[in-house]
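Chain by chain, the residues:
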Amino acid sequence: MNLPNKLTIFRVLCIPLFVVVMLVDLIPYNNFIAAAIFVIACLTDFLDGKIARKYNLVTNFGKFMDPLADKLLVCSALICLSGVKIPEWIVIIIISRELFISGFRVLAADRGIVLAAGWWGKLKTAFQMVMIIVLIIDIPLKAFDIIGWALIWISLALTIISMIDYVVKNIEVLRN
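The model shown is predicted, which means the values in this text are computed figures rather than measured ones. (Residues numbered from 1 in each chain as written. Predicted model: local features only at pLDDT ≥ 70, side-chain atom pairs only at ≥ 80, totals over all residues. Heavy atoms only, no water.)

Enquirer: Could you give an account of the state of the cysteines, with specific residues and numbers?
Expert: Across all of its chains, the model carries zero disulfides by this definition. Of all cysteine sulfurs in the structure, the one in C80 sits closest to C75, which takes part in no disulfide; the separation is 11 Å. With relative accessibility at 12%, the residue C75 sits in the buried group. (Disulfide = S-S within 2.5 Å. Buried < 20%, exposed > 50% of the residue type's maximum accessible area, 1.4 Å probe, protein only.)

Written as structure tokens, this is what we have:
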């Protein structure tokens, strides 16, 4: 197994630790520790893709698992923030999109097609990750609240745009 794939697996393994730290208020400064864990996991997303492309280590495993690892990480964080920092209906829309695209990829894989993430999806993921970090840190300033809400709305818009783009670009998967 190459380094980019190990980084992807590491990102998945960070999720339970992140969730525990995020949800256990008895841990001093749990939001900052959770944010640090989340940032480290996000950095592995950036690094695994960069290393895979630079050293020609792109694999079908990576094409499939890297976006899935992102979805697991982001969805876990969204669930932790649901109803507290993000309205539940927004979390439902975002997670529904992620499940739909995952199902779409499974359907494609069943037909021998491996679908890599597109640029809209990567942009969506980047905004979601920044949004989550801002919401976890939760600095009690009005400007920080405005930034958080702006990131929520941008992330929601990118969620919808990226789903439409993904389906349109890969419509042949839905054809029999």
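The structure having been displayed, the exposition proceeds.
Enquirer: Summarise the nonpolar core; cite the residues concerned and give the values.
Expert: Residues F18, F38, L78, I86, M131, I132 and I136 are the most contacted members of the largest nonpolar core, which totals 34 residues. Mapped onto this core, the elements with two or more residues apiece are α1 (3–23), α2 (30–54), α3 (60–81), α4 (88–110), α5 (119–137) and α6 (142–169). Sequence-distant contacts of M131, that is, excluding residues within four places in its chain, are made with L78, I86, L151, I152 and S155. Residues F104, A108, L115 and V173 belong to the second largest nonpolar core, which totals seven residues. (Core = buried A, V, L, I, M, F, W, Y, C linked by side-chain atoms within 4.5 Å. Helix = DSSP H or I, 4+ residues; strand = E, 2+ residues; numbered from the N terminus. Contact = heavy atoms within 4.5 Å.)

Enquirer: If you had to explain the packing of aromatic side chains to someone new, which residues and values would you point to?
Expert: Inspection of the entire model under this criterion finds five aromatic pairs. Both rings, one in F18 and one in F38, keep their centres 5.5 Å apart while their planes meet at 50 degrees; by these two values the pair is tilted. With a gap of 20 residues between them, F18 in helix α1 and F38 in helix α2 connect regions that are remote in the sequence. F18 gets classed as buried once you look at its relative accessible area, which sits at 1%. F38 gets classed as buried once you look at its relative accessible area, which sits at 0%. Between F104 and Y166, the ring centres sit 5.8 Å apart and the planes meet at 65 degrees, which makes this aromatic pair edge-to-face. Of this pair, F104 sits in helix α4 while Y166 sits in helix α6, placing them 62 residues apart in sequence. Across the pair, exposure class does not vary: F104 and Y166 are buried alike. Among the aromatic residues, those joined into a ring-pair cluster are W89, W149 and W153. (Phe/Tyr/Trp six-rings, centres within 6.5 Å; stacked < 30°, edge-to-face > 60°.)

Enquirer: Tell me what's going on with the side chain of K71, and back it up with residues and numbers.
Expert: You can see K71 is positioned in helix α3. With sequence-adjacent residues up to four places away left out, K71 is seen in contact with R97, E98, I101 and S102.

Enquirer: Run through a positive patch on the surface, naming residues and quoting values.
Expert: Together, K50, R53, K54 and K122 make up a region of like positive charge exposed at the surface. The dominant element in the positive patch, judged by the number of residues it contributes, is α2, at three residues. Mapped onto the fold, K122 is located in helix α5. Residue classification places K122 among the partly exposed positions, given a relative accessible area of 34%. (Patch = residues over 30% accessible without salt bridge, like charges linked within 9 Å, V, L, I, M, F, W, Y side chains within 5 Å. Areas by Shrake-Rupley, 256 points an atom, 1.4 Å probe, with all protein chains shown as cover. Salt bridge = Lys/Arg side-chain N within 4 Å of Asp/Glu carboxyl O. Lys, Arg positive; Asp, Glu negative; His and termini not counted. Charge placed at Lys NZ, Arg CZ, Asp CG, Glu CD.)

Enquirer: Kindly report on α1, identifying the contributing residues and their values.
Expert: Helix length check: α1 (21 residues) gives 31 Å between terminal C-alpha atoms against 30 Å at 1.5 Å per residue, within 8%. The sharpest bend along α1 comes to roughly 25 degrees, located at I15, with the proline P16 sitting one to four residues further on. Every buried residue of α1 is listed here: P4, N5, L7, T8, R11, C14, I15, F18, V21 and M22. Looking at the buried side of α1, the elements it contacts are α2, α3 and α5. (Expected span 1.5 Å × (residues − 1). Bend = angle between axes of the 7 residues up to and from the residue.)

Enquirer: Could you give an account of the layout of surface pockets, naming the residues involved and the relevant values?
Expert: To find leftover empty space, a probe the size of one water molecule is rolled over the atoms. Each pocket or cavity is described by its volume, and for the largest pocket that value is around 880 Å³. Residues belonging to the lining of the largest pocket are distributed by class as follows: 19 nonpolar, nine polar and 13 charged. Empty space within the second largest pocket amounts to approximately 170 Å³. What lines the second largest pocket is simply M22, L23, D25, N30, N31, C80, L81, V84, K85, L135, I136 and D138. (1 Å grid on protein atoms, 1.4 Å probe; cavity = no way out; pocket = protein on both sides within 12 Å on 5 of 7 lines; lining within 4 Å. Points joined across faces, edges and corners; volume = space filled by probe spheres on them. Nonpolar A, V, L, I, M, F, W, Y, C, P; charged D, E, K, R; others polar.)

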